[in-house]
Amino acid sequence: MDGLGGGPKCGASWKRMSKEELENQYSPSRWVVRLGAEEALRTYSQIGNEATKRAQATGRNLLDVPYGDGEGEKLDIYFPEAVSEALPFLVFFHGGYWQSGSKDSSAFMVSPLTAQGVAVVIAAYDIAPKGTLDQMVDQVTQSIVFVQKEYPGNQGIYLCGHSAGAHLAAMMLLANWTKRGVTPNLKGFFLVSGIYDLEPVMHTSENAPLLTTLEDAQRNSPQWRLKTSPAQPVDPACRVLVTVGQHDSPEFHRQSREFYQTLRRGGWKASFEELHDVDHFEILWNLTQKDYVLTQIILKTIFQES
Ligand SMILES: Nc1ccccc1C(=O)C[C@H](N)C(=O)O
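Residues numbered from 1 in each chain as written. Predicted model: local features only at pLDDT ≥ 70, side-chain atom pairs only at ≥ 80, totals over all residues. Heavy atoms only, no water.

Under an unreviewed UniProt entry, the name given to the chain is Kynurenine formamidase, and the organism recorded is Balaenoptera musculus. In its Function (unreviewed entry) section, the UniProt record describing the chain reads: "Catalyzes the hydrolysis of N-formyl-L-kynurenine to L-kynurenine, the second step in the kynurenine pathway of tryptophan degradation. Kynurenine may be further oxidized to nicotinic acid, NAD(H) and NADP(H). Required for elimination of toxic metabolites." According to UniProt, the comment filed for the chain under the heading Sequence similarities (unreviewed entry) is "Belongs to the kynurenine formamidase family." (UniProt positions renumbered as here; feature names shortened; annotations may be inferred.)

Extensive coverage of strand E2 (residues 74–79) is indicated by the burial of 5 of its 6 residues. Of the strand pairs in this sheet, strand E1 (residues 60–66) and E2 are connected by 5 bridges, and their pairing is antiparallel. Counted as the bridge partner of valine 65 is leucine 75 from E2. Taken together, the 4 bridges between E2 and strand E4 (residues 119–123) define a ladder with antiparallel strand orientation. Across the sheet, residue leucine 75 finds its bridge partner in E4, namely alanine 123. (Buried < 20%, exposed > 50% of the residue type's maximum accessible area, 1.4 Å probe, protein only. Helix = DSSP H or I, 4+ residues; strand = E, 2+ residues; numbered from the N terminus. Pairing = 2+ DSSP bridges.)

Bridge count for strand E7 (residues 239–245) against strand E8 (residues 269–275) is 7 bridges, and the pairing is parallel. Residue pairing for E8: threonine 243 is matched across the bridge by glutamate 273. Between the parallel pair E7 and E8, the chain is carried across by helix H9 (residues 250–265), and the sense of this crossover is right-handed. (Right-handed = clockwise from strand over helix to strand, strands pointing away.)

Now for the pattern of salt bridges. Summed over all chains, the structure comprises 12 salt bridges. Salt-bridge contacts for lysine 103 lead to aspartate 76; the nearest nitrogen and oxygen are separated by 3.2 Å. Here lysine 103, found in the loop between strand E3 (89–93) and helix H3 (110–114), pairs with aspartate 76, found in strand E2; they are 27 residues apart in sequence, far enough to count as distant. Overall, the relative accessible area of 1% leaves aspartate 76 in the buried class. (Salt bridge = Lys/Arg side-chain N within 4 Å of Asp/Glu carboxyl O.)

With that settled, the discussion passes to the UniProt feature "active site" (unreviewed entry) in the chain. In the numbering used here, UniProt assigns the "active site" (unreviewed entry) feature to Ser163, Asp248 and His280. Taking the farthest pair of C-alpha atoms as the criterion, the annotated set spanning 118 residues converges on one region, since that pair is 10.7 Å apart. Considered against the largest pocket, the annotated residues that line it turn out to be Ser163 and His280. Mapped onto the fold, aspartate 248 is located in the loop between E7 and H9. In contact with aspartate 248, other than residues within four places in its own chain, are Ser193, His253, Val278 and His280. Along the polypeptide, histidine 280 turns up in the loop between E8 and helix H10 (282–285). We classify histidine 280 as buried; its relative accessible area is 3%. Beyond its immediate stretch of four places on either side in the chain, histidine 280 contacts Pro28, His162, Ser163, Ser193, Asp248 and Phe252. (1 Å grid on protein atoms, 1.4 Å probe; cavity = no way out; pocket = protein on both sides within 12 Å on 5 of 7 lines; lining within 4 Å. Contact = heavy atoms within 4.5 Å.)

To continue, consider the packing of helix H4 (residues 133–150) against helix H5 (residues 164–171). Contact pair H4 / H5: the axes reach a minimum separation of 9 Å and the direction vectors enclose 65°. As far as their axial angle goes, H5 and H4 are roughly perpendicular. By crossing handedness, the relation of H4 to H5 is classed as right-handed. Taken together, the residues of H5 that come into contact with H4 (itself represented by Leu133, Met136, Val137 and Val140) are His167, Leu168 and Met171. Taken together, the residues that form the contact of H4 with H5 break down as 6 nonpolar, 1 polar and no charged. (Axes fitted to C-alpha atoms, helices over the stretch in contact; angles between N-to-C directions. Parallel < 35°, antiparallel > 145°, perpendicular 65-115°, else oblique. Left-handed = near helix turned anticlockwise from the far one by under 90°. Nonpolar A, V, L, I, M, F, W, Y, C, P; charged D, E, K, R; others polar.)

Turning our attention to the layout of surface pockets. By volume, the largest pocket is sized at about 380 Å³. Forming the boundary of the largest pocket are 20 residues, of which Leu41, Tyr44, Gly96, Ser100 and Phe281 lie nearest the centre. Looking at which element gives the most residues to the lining of the largest pocket, the answer is helix H2 (residues 37–58), with 3 residues. When grouped by side-chain class, the residues that make up the lining of the largest pocket number 5 nonpolar, 13 polar and 2 charged. (Points joined across faces, edges and corners; volume = space filled by probe spheres on them.)

As annotated by UniProt and renumbered to match this structure, "domain: BD-FAE-like" (unreviewed entry) occupies residues 75–263. Secondary structure content for residues 75–263 is 33% helix and 19% strand, and the end C-alpha separation is 29 Å.

Now for the packing of aromatic side chains. The tally for this structure, following the rule as stated, stands at 9 aromatic pairs. Relative to phenylalanine 259, the ring of tyrosine 196 has its centre 4.3 Å away and its plane inclined at 10°; by these criteria the two rings are stacked. Here tyrosine 196, found in the loop between strand E6 (186–192) and helix H7 (214–219), pairs with phenylalanine 259, found in helix H9; they are 63 residues apart in sequence, far enough to count as distant. Grouping residues by exposure puts tyrosine 196 and phenylalanine 259 together as buried. Aromatic pair tyrosine 260 and phenylalanine 272: ring centres 5.7 Å apart, planes at 35°, arrangement tilted. Taken together, the positions of tyrosine 260 in helix H9 and phenylalanine 272 in strand E8 put the pair 12 residues apart, joining distant regions of the chain. For tyrosine 260, a relative accessible area of 7% gives the class buried. Since its relative accessible area comes to 26%, phenylalanine 272 is described here as partly exposed. (Phe/Tyr/Trp six-rings, centres within 6.5 Å; stacked < 30°, edge-to-face > 60°.)

Given below as structure tokens:
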């Protein structure tokens, strides 16, 4: 199978789901297999907090660097041992349905990546209700412009996002860099258990602080935008990895597969990976480990061994 199949009827199947079923499909913690829902969320924050504390205590870093004028427009930069202007950068955007999570507990991948010579940036954005989706997308754009301007000699900027953060990273496939006066040296996207079509989210309890009109949802849906007016890859060599956990819900699988298919049809150098035996949270927290398959994929992509 080329992974590009799946007839049109699977596109809107969520519209036939009951409210309860949709709520279930869009509640990642209910699909965790090894822990209860609450315990999974608790463990996720605990691992994130510990990894962040460790990263801040052990390596060279710059914390709370402003990338804009707003109070929430800050990022943390974690450097490898060897100081060099010509580093590859991985910029990470945390998840939490655009209304929870923080950069201060999201430095999962810092240790295995800095050990191999990658600078890791964890960028904050104003979650709802303070921030709107349009503002979050704008802030993420600003944070990438900031990294490019501060480190013009970078060996590539790679974006990584988890869940809602994968959505924000994916919106950068559509960014108008000309308007920003600088085109970042974007070489790859690692989209982890993301949501790319926001319309179904409007019908769940998570939507309360987020979207009011279908137009808001479509404007902020990379799936809808790329399907209706395909954007050309700025750099045809730029890679996009769409990845989902085996234990993510069927709707999360559908979102990832369909977004990957849209990218391929639009000429992007995209690949798709379902990661074996991980849920929505393990898929990310395992990035604390250097031997984890996704850590290895990220490193191989950055150092072009695959
Ligand atoms: N805290 C998170 C961090 C990352 C990604 C999702 C969440 C969620 O809380 C999702 C949803 N509220 C759930 O209960 O599954």
